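Here's the letter readout for the chains.
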Amino acid sequence: MSETVVPIAIGPTQPAPTLLEKAVTEGGATLSDLADARALIWAGGPGEFPERLPDSVEWVQLPAAGVEDWFTGGLIARHPKVLFTSAAGAFAASVAEHALMMLLAGVRYLPEHLRAGSWRQQDFFPHVGTLRGKTVTIVGAGGIGRALIPMLVPLGAHIIAVNRSGRPVTGPGIPPTVETISAEHVSKAWPRTDHVVVAAPATADTQHLISADVLARLKPSSWVINVARGSLVDTDALVAALASGAIAGAGLDVTDPEPLPDGHPLWVLPNAIVTPHDSNPPQLRFAAFADHVEANVVRFVEGRDLLAPIDPARGY
């Protein structure tokens with residue numbers, strides 16, 4: 001670890017002591033006022049962010065994995081000399097676990113079981129399925145996708161991982177048999193897909209990635225799981241597909257619009273599972289973010305590349 005003093009500020013004002021303060025000091029840096037800092041760990045939203053940063057600030061750590069709101073306000077563009085990093089990957093395990101929960105619930109027909117008020121075994125038998133031998137296409141094989149794959153493989157699922165480059169997805173617990181295709185060629189995956197997990201960032205390119213056309217190409221037994229952002233799925237097309245039985249169901253931790261209004265069809269459709277964007281609740285999120293901060297502080301102090309750098313050209 002370098003012995004050079006590396007001053008890092010935390011904002012907005014945090015009560016002391018905090019997990020973030022501990023992450024900064026255990027990462028090898030020192031706590032500082034913003035005026036003297038080389039980096040800023042930001043725990044608030046874009047509306048609270050300083051209009052200007054001191055010239056000394058080289059790096060800003062943002063608290064979220066999805067950073068579309070930071071681009072919408074032009075905040076990142078106002079600081080072209082500063083490296084911004086997101087929290088992408090920090091919350092992957094929790095979100096992947098939530099995705100698996102919704103996918104298994106759907107495949108095992110759990111929503112109907114929960115609503116049942118009588119023993120309807122013969123009614124349920126035709127619908128209860130398995131992931132064994134099924135193909136799960138994960139659209140967005142970043143941190144969440146890489147965390148989800150080792151959960152699915154032991155269940156016997158075949159994985160198609162979709163990423164921007166098409167380069168093989170690797171990581172702990174990911175076997176070399178996992179198939180990877182580029183986002184450019186994702187249409188080739190739909191005829192072979194049994195279920196879809198959406199875990200890609202929200203950008204102009206991913207708006208309504210799951211469209212009416214895609215839903216029409218899926219199987220009547222398919223479940224669509226969205227743990228990314230609501231904008232990646234065409235809500236009207238999804239409601240129509242669920243209502244008509246074109247697909248078996250959907251598990252949504254994110255929606256468009258969000259919050260999902262009272263009375264929206266997704267609340268009452270029996271084959272829709274909606275959770276209120278709680279795959280990464282505060283009691284899990286804060287500790288995970290602190291771990292991510294500490295890992296990046298270590299890298300910053302040592303002069304190494306940081307985790308989850310934001311590319312302004314790509315929007316994430």
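None of the values given here were measured: they were computed from a predicted structure.

This part covers the overall build of the chain. Along its length, the chain carries 10 helices and 12 strands. Over its C-alpha atoms the chain spans a radius of gyration of 21 Å, differing by no more than 12% from the 20 Å that the globule rule assigns to 316 residues. The principal-axis extent of the C-alpha atoms belonging to the chain is close to 70 × 45 × 35 Å. Burial analysis of the chain (316 residues in total) assigns 48% to the buried set. Partitioning the intrachain contacts of the chain with sequence separation of at least 6 by distance along the chain shows that 63% fall at a separation of at least 24. Total accessible area computed for the chain in this model is approximately 15,300 Å², and 55% of it derives from carbon and sulfur atoms. Computed over 22 positive and 31 negative side-chain charges, the inter-centroid distance for the chain is 8 Å.

This paragraph deals with the domain arrangement of the chain. Per the domain assignment, the segments of the chain are domain 1 (6-86 + 282-302) and domain 2 (92-274). Relative placement of domain 1 and domain 2: their C-alpha centres are 33 Å apart.

A separate point is the environment of Trp267. Following the sequence through the fold, Trp267 ends up in helix 9 (residues 265-268). Excluding its chain neighbours within four sequence positions, the residues that come into contact with Trp267 are Leu260, Pro261, Asp262 and Val274. Within the structure, the side chain of Trp267 is placed 3.4 Å from the backbone oxygen of Leu260, a separation counted as a polar contact.

Glancing now at the sheet that holds strand 6 (residues 135-139). Sheets are built from strands that pair by backbone hydrogen bonding, the pairs being arranged parallel or antiparallel. Pairing in this open sheet of 7 strands is parallel, and the strands run 8-7-6-9-10-11-12 from one edge to the other. Bordering the open sheet on either side are strand 8 (179-182) and strand 12 (272-274), each of which pairs with just one other strand. Looking at each pair of strands side by side, their axes are set apart by 15° on average, direction ignored. Both strand 9 (residues 195-198) and strand 10 (residues 223-226) contribute to a ladder of 3 bridges, which runs parallel. Its bridge partner being in strand 10, Val197 is matched across the sheet by Ile225. Most of the contacts of helix 6 (residues 143-152) go to strand 6, to which it runs at about 170°, and overall it touches strand 6, strand 7 (158-163) and strand 9.

Given two aromatic rings, one states the distance between the centres and the angle between the planes to describe the pair. Summed over the entire model, instances satisfying the criterion amount to 5 aromatic pairs. Pairing Trp42 with Phe49 gives two aromatic rings, centres 5.1 Å apart and planes at 75°, and the pair type is edge-to-face. Overall, Trp42 belongs to the buried group, its relative accessible area being 5%. When the ring of Phe49 is compared with that of Phe84, the centres are 6.3 Å apart and the planes differ by 45°; the resulting orientation is tilted.

Another aspect to go through is the side chain of Asn280. With respect to the helices, strands and loops of the structure, Asn280 is situated in the loop between strand 12 and helix 10 (282-302). Residue class for Asn280 comes out buried when judged on its relative accessible area of 12%. Once residues within four sequence positions are removed from consideration, Asn280 is found in contact with Phe91, Ser94, Val95 and Arg285.

Read from one edge of the open sheet, 5 strands run 2-1-3-4-5, paired in parallel fashion. Each edge of the open sheet is held by one strand with a lone partner, namely strand 2 (30-31) and strand 5 (83-85). One ladder, built from 3 bridges, connects strand 4 (residues 59-61) with strand 5; its direction is parallel. Looking at strand 5, one finds that Trp59 is bridged to Leu83.

Our next topic: the environment of Ala141. Turning to its location among the elements, Ala141 is positioned in the loop between strand 6 and helix 6. Considered as a pair, Ala141 and Asp55 are 86 residues apart in the sequence and their alpha carbons are 36 Å apart.

How each quantity is defined
- Residues numbered from 1 in each chain as written.
- Predicted model: local features only at pLDDT ≥ 70, side-chain atom pairs only at ≥ 80, totals over all residues.
- Heavy atoms only, no water.
- Helix = DSSP H or I, 4+ residues; strand = E, 2+ residues; numbered from the N terminus.
- Rg over C-alpha atoms; globule rule 2.2 N^0.38 Å.
- Buried < 20%, exposed > 50% of the residue type's maximum accessible area, 1.4 Å probe, protein only.
- Contact = heavy atoms within 4.5 Å.
- Areas by Shrake-Rupley, 256 points an atom, 1.4 Å probe, with all protein chains shown as cover.
- Lys, Arg positive; Asp, Glu negative; His and termini not counted.
- Charge placed at Lys NZ, Arg CZ, Asp CG, Glu CD.
- Domains from an automatic or database assignment.
- Polar contact = N/O pair within 3.5 Å; in protein donor to acceptor, adjacent residues only side chain to side chain.
- Pairing = 2+ DSSP bridges.
- Axes fitted to C-alpha atoms, helices over the stretch in contact; angles between N-to-C directions.
- Phe/Tyr/Trp six-rings, centres within 6.5 Å; stacked < 30°, edge-to-face > 60°.

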